[in-house]
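# Secondary and tertiary structure notes
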Amino acid sequence: MCARTIGPRSRRGAGLALAFGIACCGLASAGGQQPFAKLQARAGQVADLSFSPDGRLLASGHDDDRLRIWSVADKRIERTIRVRVPVLSGSQRPTETQQHIEAASWSPGGEFVASGFSAGFGRGAVQLWDPTTGKELRTLAENVHNVRVVAVSPDGRLVAVNLRGPEHEGQMIALFDAQTGETAGRLRAERLAVTAADFLSDGRRLVSAGGTKAHVWDLESHKLLCTFDKHKSAITCLAASPDGALVATGDARDVLHLWNPDSAVGVREIEMKYDLSRPPRGSRERMRGAGADDAKRPGGVSALTFSRSGRTVLAGYVDRGIRLWSTKTGKRWESLFGHADRVTALAVTPDGGTLASGGRDGMIALWKLNEPATDPTVDEDDAGRDEDGK
């Protein structure tokens, strides 16, 4: 890992209170604030993170064929589950560089962890695992292409997976019965793209996103209810608030939309603005020769989640930072920096006290969170800069 220069401290005290601790390895965040632990699997970027219902364990997917279960208290891997790689007839086993666990999702009751695995064209699989024994419970789909989404319903009954549609006419979302492994339905639309999906808290609807649009689906009729189409760039990630009242979608141009899933009406637009005289950390090379419009947007929103209260939406960015935004005012509580590369995954414990962030650097950082009593009316200083502005 490379060293990082510590940026200036935030000057206002309204930000989230972060517990300080000795990191298990590596980098301090800008502003002098540190995660209380940093976990390193040495397995490539972290693609997804999911906490167990009691918050004691953390499942992580990486750029290999292993699903890792971490003990949060002990800050170590408690169990490693090696995914069975589908091998097509007449083809060779894919190399390690072709293997990726793209998605990991814990069931609400803790009975299983669902994983989405990709290993080249037609070599993907969606499987359910016993987190205690590491044994495979069932395979929901195999020999599928480009699995990016695996979401478990609030009652643990359904698992939603993106699959290639018939004759490659876009994608569809397949719903599987978690107990039997049987198909429980399919959500389809013309030329549907699916890069992210999440169940709403009522368990009756699912929201998906792809391209510049996000869709809300009825899970009983399998019909499309409404579409949010205010993004001008490709949607890269989404999250639903714990009460189901808001959906957050982020795109490749650093724009974050909060919107109502009942009506697809926008509630708030939040755009990360950068001071071009002080480029965001890690963007210096990309800015050389870039147009002014490109320079304003160093890469986009790369991960999203909500606090358990729903008052805060936490957004990971390509510039390595995590920003915590008030859903009420659209202003920034705090900026966290602890990764050496883009932030790729975020998860919050069920009690709301711990944030886990994963990055392309392969590291998982754990942060203690406490929301302040009042919402910010101005943005907290963005401390993700070098002292010399580089």
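Here we summarise the structure given alongside this text. (Residues numbered from 1 in each chain as written. Predicted model: local features only at pLDDT ≥ 70, side-chain atom pairs only at ≥ 80, totals over all residues. Heavy atoms only, no water.)

We now examine the sheet that holds strand β18 (residues 235–240). Spatial ordering of the open sheet is given by β18-β19-β20-β21, a layout of four strands whose pairing is antiparallel. The strands lining the two open edges of the sheet, one partner per strand, are β18 and β21 (265–271). Each adjacent strand pair in this sheet contributes to an overall mean axis angle of 20°, direction not counted. As judged from the six bridges shared by strand β20 (residues 255–260) and β21, these two strands associate in the antiparallel manner. Within the sheet, the bridge partner assigned to Leu256 lies in β21 and is Ile270. (Pairing = 2+ DSSP bridges. Helix = DSSP H or I, 4+ residues; strand = E, 2+ residues; numbered from the N terminus. Axes fitted to C-alpha atoms, helices over the stretch in contact; angles between N-to-C directions.)

Let's shift gears to the environment of Asp198. With respect to the helices, strands and loops of the structure, Asp198 is situated in strand β14 (residues 196–199). Accessibility expressed as a relative area gives 25% for Asp198, which makes it partly exposed. Expressed as a C-alpha distance, the spacing of Asp198 and Ser208, which sit ten residues apart in the sequence, is 6.6 Å. In contact with Asp198, other than residues within four places in its own chain, are Leu206, Val207, Leu238, Ala239 and Ala240. Only 3.3 Å separates the side chain of Asp198 from the backbone nitrogen of Ala240, close enough to count as a polar contact. (Buried < 20%, exposed > 50% of the residue type's maximum accessible area, 1.4 Å probe, protein only. Contact = heavy atoms within 4.5 Å. Polar contact = N/O pair within 3.5 Å; in protein donor to acceptor, adjacent residues only side chain to side chain.)

A few words now on unusual backbone geometry. Unusually for a residue other than glycine, Arg42 sits at a positive phi of about 55°. Note that Arg42 resides in the loop between β1 (37–40) and β2 (46–51). Its identity is not glycine, yet Arg320 carries a phi of approximately 90°, on the positive side. Looking at Arg320, the relative accessible area reads 19%, which means it is buried.

Below, the discussion takes up the pairing of strand β9 (residues 136–144). Remember that side chains alternate between the two faces of the sheet whenever the strand is regular. Pairing of strand β8 (residues 124–129) with β9 involves six bridges; the strand directions are antiparallel. When the bridges of β9 are listed, Leu128 appears paired with Arg138. Linking β8 back to β9 in an antiparallel pair, the connection comprises six residues, with Gly134 at a positive phi of about 80°.

Another aspect to go through is the packing of aromatic side chains. Inspection of the entire model under this criterion finds one aromatic pair. The ring of Tyr317 is capped by Arg323, whose NZ or CZ atom sits 4.9 Å from the centre of that ring. (Phe/Tyr/Trp six-rings, centres within 6.5 Å; stacked < 30°, edge-to-face > 60°. Lys NZ or Arg CZ within 6 Å of the ring centre and 35° of its normal.)

A separate point is the pattern of salt bridges. A full pass over the atoms with the stated rule returns eleven salt bridges. With a closest N to O distance of 2.8 Å, Arg66 and Asp65 form a salt bridge. Taking relative accessible area as the criterion, Arg66 reaches 25% and is therefore assigned partly exposed. A salt bridge links Asp202 to Arg205; the nearest nitrogen and oxygen atoms lie 2.9 Å apart. (Salt bridge = Lys/Arg side-chain N within 4 Å of Asp/Glu carboxyl O.)

Right, let's talk about the environment of Arg164 for a bit. By the secondary structure assignment, Arg164 is in strand β11 (residues 158–164). Residue Arg164 is classed as partly exposed on the basis of its relative accessible area, which comes to 32%. Counting along the chain gives 18 residues from Arg164 to Asn146, while the straight-line C-alpha distance between them is 7.8 Å.

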